[in-house]
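These are the residues of each chain, in order.
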Amino acid sequence: MEEKMNFHRFTREEWQSFYPNGVPPLTESELMQIKSFNDRISLQDVQDIYIPLTHLVNIYMKEYESLQLAKGLFMQQFVGSTPFIIGVAGSVAVGKSTTARLLQMILSRLLKKKHVQLITTDGFLYPTRVLKEKGILDRKGFPESYDMEKLLAFLNAVKNGEEFIHIPMYSHESYDIIPDMYETITQPDILIVEGINVLQLPQNQQIYVSDFFDFSIYVDADSELVRKWYLERFEALLKLAKNDKNNYYYGYANGPKEEAMAMAENVWEKVNLKNLNEFILPTRSRADIVLHKKENHKIDEVLLRKF
Ligand SMILES: Nc1ncnc2c1ncn2[C@@H]1O[C@H](COP(=O)(O)OP(=O)(O)OP(=O)(O)O)[C@@H](O)[C@H]1O
Ligand SMILES: CC(C)(CO)[C@@H](O)C(=O)NCCC(=O)O
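Residue numbers run consecutively from 1 along every chain, following the written order of its sequence. By the order in which they are written, chains take letters starting at A while ligands take numbers starting at 1. Only residues with pLDDT of at least 70 get local features here, since the model is predicted, and only at 80 or more are side-chain atom pairs given and counted; chain-wide, interface and lining totals rely on the full set of residues.

Enquirer: What am I meant to see in the site of ligand 1 here?
Expert: In the region of ligand 1, 16 residues are neighbours, and G95, K96, S97, T98 and H297 sit closest. The secondary structure listing takes helices from DSSP runs of H or I that are at least 4 residues long and strands from runs of E that are at least 2 residues long, numbered from the N terminus. Taken together, the elements giving at least two residues each to the shell around ligand 1 come down to α4 (96–110) and α7 (223–241). Across the shell around ligand 1, the residue classes break down as six nonpolar, six polar and four charged. In this analysis, residues qualify as near a molecule or strand once their C-beta atom, positioned from backbone atoms, comes within 6 Å of it. Throughout, the ten residues Ala, Val, Leu, Ile, Met, Phe, Trp, Tyr, Cys and Pro are labelled nonpolar, Asp, Glu, Lys and Arg are labelled charged, and all others, Gly among them, are labelled polar.

Next up, the structure:
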């Protein structure tokens, strides 16, 4: 593929050999902690893929800190430390939040002094009420469904070291922004920002979201596989919805299964696959790292951007 000329391409074995030892493996309790948030995660991936990846992130961080210091010296000014921001992009249901959580856990463990926080851009979606007013309820996840000004202001506040920043929260269960509930970001050293839109170009703004990123990862897989993961996750959501009247899928969960699955297949095709092809996939070449997955979420290839 043309775009991939901009990348060094490594097999899993090659990538793993870049950091084969020199780091103590994760302890049993740390591995259990990882399993506890998703028991399907391959611990081999953690060791083979994520540990070398966090070391690469550390290299980028050291470079970033030294540039910040040199700029301060040049300006003859004290410049406090500025948070390092990592973007995690990719399709709906490709596994961005799982990757982002793994990265957060491993970075916190390897860099014990660093305060690592994680957010998703889902919180910056317009609430359903506003999407309806704008007539774009069926465009959820597309660029116009996000309050990009708010996301940019948030990233700016993080970089400027604001003490407490409150951001809205999104619920996959209610399929909406949760009213009056906020997440608080408290001066992290590293902030991981996960979302389908993190590498997208601006709609009307002067700056890009990615201008705030110091490192970025694109989680990639064949769209047929992602479709399968989307439908599997939907099935799991349906089970949870069965006895929960407040769940958006309550009606579907208690109706014929084929109807519910046909609806999800249609949403995949008309919304999420379309969004992937039109707006998400074209951002892949902007990432510093591409993690390519095959069946069972197994990472078979890692791409590192050349320049
Ligand atoms: N490494 C992994 N091993 C096994 N299962 C995984 C892995 N990563 C993700 N999954 C599963 O794939 C599905 C999608 O993952 P996840 O919710 O992390 O995706 P996402 O990209 O964050 O989705 P969205 O954009 O909709 O929030 C989930 O059912 C999750 O449990
Ligand atoms: C919230 C997003 C946009 C991204 O996480 C996605 O999960 C979503 O809800 N997409 C809209 C179509 C759907 O219901 O899957």
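Back to the text.
Enquirer: For this particular structure, what's the right way to read the packing of α7 against helix α9 (residues 257–280)?
Expert: How two helices sit against one another is set out by the angle between their axes and by the gap between those axes. Between N-to-C directions, angles span 0 to 180 degrees; the directions come from axes that are lines fitted to C-alpha atoms, helices contributing only their stretch in contact. Where α7 contacts α9, the axes come no closer than 10 Å and their chain directions differ by 135 degrees. The pairing of α7 with α9 is recorded here as oblique in orientation. Between α7 and α9 lies a crossing of right-handed hand. Here S223, R227, Y230, L231, F234 and L238 of α7 come into contact with α9, specifically with A260, M261, A264, E265, W268, N272, L273 and L276. Residues belonging to the contact of α7 with α9 are distributed by class as follows: ten nonpolar, two polar and two charged. Any angle that falls under 35 degrees is termed roughly parallel, while one over 145 is termed roughly antiparallel, one within 65 to 115 roughly perpendicular, and all others oblique. It is the rotation of the near helix from the far one that decides the hand of a crossing: anticlockwise by less than a right angle makes it left-handed, clockwise makes it right-handed. Two residues qualify as being in contact provided that their C-beta atoms, derived from the backbone, are within 7 Å of each other.

Enquirer: When you look at the nonpolar core in this model, what are you seeing that I'm missing?
Expert: Across soluble globular proteins, you tend to see nonpolar side chains buried next to one another. Of all hydrophobic cores here, the largest spans 71 residues; its most connected members are Y50, I85, I86, V88, L191, I192 and I289. When sequence neighbours within four positions are dropped, the list of residues in contact with I289 reads L53, I217, V302, L303 and L304. Buried Ala, Val, Leu, Ile, Met, Phe, Trp, Tyr and Cys residues whose C-beta atoms connect them within 7 Å together make up a nonpolar core. The exposure scheme places C-beta atoms from the backbone and then counts, for each residue, the other C-beta atoms within 10 Å of its own, assigning buried at 20 or more, exposed at 12 or fewer, and partly exposed in between.

Enquirer: What is the right way to look at the sheet that holds strand β6 (residues 190–194) in this model?
Expert: Sheets are built from strands that pair by backbone hydrogen bonding, the pairs being arranged parallel or antiparallel. The pairing criterion is simple: DSSP has to find at least two bridges between the two strands. Spatially, β1-β9-β8-β7-β2-β6-β3 is the arrangement adopted by the seven strands of the open sheet, whose pairing is mixed. Where the open sheet ends on each side, the last strands, each with one partner, are β1 (7–11) and β3 (116–120). Strand-to-strand twist in this sheet, taken as the mean axis angle between neighbours without regard to direction, amounts to 20 degrees. For β3 and β6, the ladder comprises five bridges, and the chain directions are parallel. Within β6, the residue paired with Q117 across the bridge is L191.

Enquirer: In this structure, what is going on with the packing of helix α3 (residues 43–75) against α4? I would like to understand it.
Expert: It is the contact of α3 with α4, at a shortest axis distance of 10 Å, that shows an interaxial angle of 65 degrees. Both α3 and α4 take part in a crossing whose hand is right-handed. On α4, the residues that touch V46, Y50, I51, T54 and V57 of α3 are L102, L103, I106, L107 and L110. The residue inventory of the contact of α3 with α4, partitioned by class, reads nine nonpolar, one polar and no charged.

These values are about where atoms sit, not about what they do.
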